[in-house]
Amino acid sequence: MDKQLKQSIKTAAVNREMIVVWLHGGGKAKGIPEVSADPDRVKINTIEGPVWVPYVDMKSISPVIRLRVEGKTNE
């Protein structure tokens, strides 16, 4: 696994930021990562509950950006 990817996960965990983890098999996990002492996997708190994802299964991660719309919309 890429050290930069592992560092990005750690930064997201410290900042309590939501991420999407893309897996090699085509799956994904969306949630907030948690700092842990386990060197081989990361704990991601999803809406379904906590999930442990091994670093070797990760293809990439993407941050989830929340936008707040203010004012009137046309809907």
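Everything quoted here is computed from the prediction, not taken from an experiment.

Draft legend 1. Summary view of the sheet that holds strand 5 (residues 58–63). The five strands are arranged 4-3-2-1-5 in an open sheet whose pairing can be described as antiparallel. Each edge of the open sheet carries a strand with a single partner, namely strand 4 (49–54) and strand 5. Between one strand and the next, the sheet's axes are offset by a mean angle of 45°, whatever the strand orientation. Against the sheet, helix 1 (residues 3–14) engages strand 1 (19–23), strand 2 (28–34), strand 3 (41–46) and strand 5, with an angle of about 40° to strand 5.

Draft legend 2. Spatial organisation of the side chain of Thr46. When you line up the elements, Thr46 lands in strand 3. A polar contact of 3.3 Å, which involves the side chain of Thr46, links it to the backbone nitrogen of Glu48. Non-local contacts of Thr46, meaning those with residues more than four positions away in its chain, are made with Lys30, Gly31 and Val51.

Draft legend 3. Spotlight on the pattern of salt bridges. What the rule picks out here adds up to three salt bridges. Where Arg41 meets Asp38, a salt bridge forms, and the shortest distance between an N and an O atom there is 2.7 Å. On the basis of relative accessible area, Arg41 is assigned to the partly exposed category, the value being 34%. Judged by relative accessible area, which is 23%, Asp38 ranks as partly exposed. With a closest N to O distance of 2.8 Å, Glu70 and Arg68 form a salt bridge. Assessed through its relative accessible area of 71%, Arg68 is described here as exposed.

Conventions adopted
- Residues numbered from 1 in each chain as written.
- Predicted model: local features only at pLDDT ≥ 70, side-chain atom pairs only at ≥ 80, totals over all residues.
- Heavy atoms only, no water.
- Pairing = 2+ DSSP bridges.
- Helix = DSSP H or I, 4+ residues; strand = E, 2+ residues; numbered from the N terminus.
- Axes fitted to C-alpha atoms, helices over the stretch in contact; angles between N-to-C directions.
- Contact = heavy atoms within 4.5 Å.
- Polar contact = N/O pair within 3.5 Å; in protein donor to acceptor, adjacent residues only side chain to side chain.
- Salt bridge = Lys/Arg side-chain N within 4 Å of Asp/Glu carboxyl O.
- Buried < 20%, exposed > 50% of the residue type's maximum accessible area, 1.4 Å probe, protein only.

Any link to function would need more than the numbers given here.
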